[in-house]
Amino acid sequence: MAGKSFMASARQKGAIEQVLKNVEWPEQFPFRDEDFQRFDESSDTLFYEMPRFVTHIDDQAIAALTKYYSEVLPSSQSLRCWVQARKDSWNGYDEDELKRNPVLTEYVVQDLNINPKLPFGDNTFDVITNVVSVDYLTTPLDVFKEMYRVLKPVGLAIMSFSNRCFFTKAISIWTSTGDADHVMIVGSYFHYAGGFEPPQAVDISPNPGRSDPMYIVYSSKLATA
């Protein structure tokens, strides 16, 4: 109940962009172990064993996210990205799906809910992106601490999500709350993982009410971290 009480402030702020402004974060992480349980606790590896060659958000939402990336990501030749669900290193569940992505230079098949330890060195990446899959993480602080470790100082981490998901595999605190709450949840992962700038939120929904919503929560690794 503590987590939901804390998130009530998110709904009072109205616009998504305001949710993470001037947050009074509790001293301790406000969520409980049961908040990260799922309706289906069977093996995620088995669940994703069958390749799903589908998109998880509609074309308008995909276009909005692509446009956002084009505006915020550095265009340097030396850009190094790790992504869960973009170019360079890609971490995902299904090898057949990963093989179908023509822009990858390398990929890793890994279930982060079993092993959140990323197989990359410290201070490796300029950018980390996670596309519509942050809601499936059962030990998100472990994953975000790993993101902090593998990001270069001032490296950027971008979490994008909608209101669509595999309901039985999304965590309980996600399926029982709404969009503004989700922004606060993801923002809390950055805050309590440590070493990140205060997280910020952006609503890039392309056609509210008529296409899938699309939200961004992002932060950068502290320059002195």
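It should be noted that the structure appears before, not after, this text.
What counts and what doesn't
Residues numbered from 1 in each chain as written. Predicted model: local features only at pLDDT ≥ 70, side-chain atom pairs only at ≥ 80, totals over all residues. Heavy atoms only, no water. Helix = DSSP H or I, 4+ residues; strand = E, 2+ residues; numbered from the N terminus. Expected span 1.5 Å × (residues − 1). Buried < 20%, exposed > 50% of the residue type's maximum accessible area, 1.4 Å probe, protein only. Arc of directions from axis to C-beta. Contact = heavy atoms within 4.5 Å. Polar contact = N/O pair within 3.5 Å; in protein donor to acceptor, adjacent residues only side chain to side chain.

Chemist: Can you help me understand helix H3 (residues 59–72) in this one?
Modeler: Residue pairs spaced three or four apart in an α-helix point in one direction, given the helix's 3.6 residues per turn. Between the first and last C-alpha of H3 there are 20 Å, a value that for 14 residues agrees with the 20 Å anticipated at 1.5 Å per step. Of the residues making up H3, those classed as buried are Ala-61, Ala-64, Leu-65, Tyr-68 and Tyr-69. In an axial view of H3, the angular spread of the buried residues amounts to 135°, which keeps them on one side of the axis. Exposed and facing more than 90 degrees away from the buried side of H3 are Asp-59, Lys-67, Ser-70 and Glu-71. In this fold, the buried residues of H3 make contact with strand S4 (125–131), strand S5 (151–161) and strand S7 (215–220).

Chemist: Just to check I follow, could you spell out the side chain of Ser-205 for this structure?
Modeler: With respect to the helices, strands and loops of the structure, Ser-205 is situated in the loop between strand S6 (200–203) and S7. Looking at Ser-205, the relative accessible area reads 17%, which means it is buried. A polar contact of 2.6 Å, which involves the side chain of Ser-205, links it to the side chain of Asp-203. Of note is the side chain of Ser-205, whose polar atom sits 3.0 Å from the backbone nitrogen of Met-214. Ser-205 has contacts with Pro-213, Met-214 and Tyr-215, leaving out every residue within four places of it along the chain.

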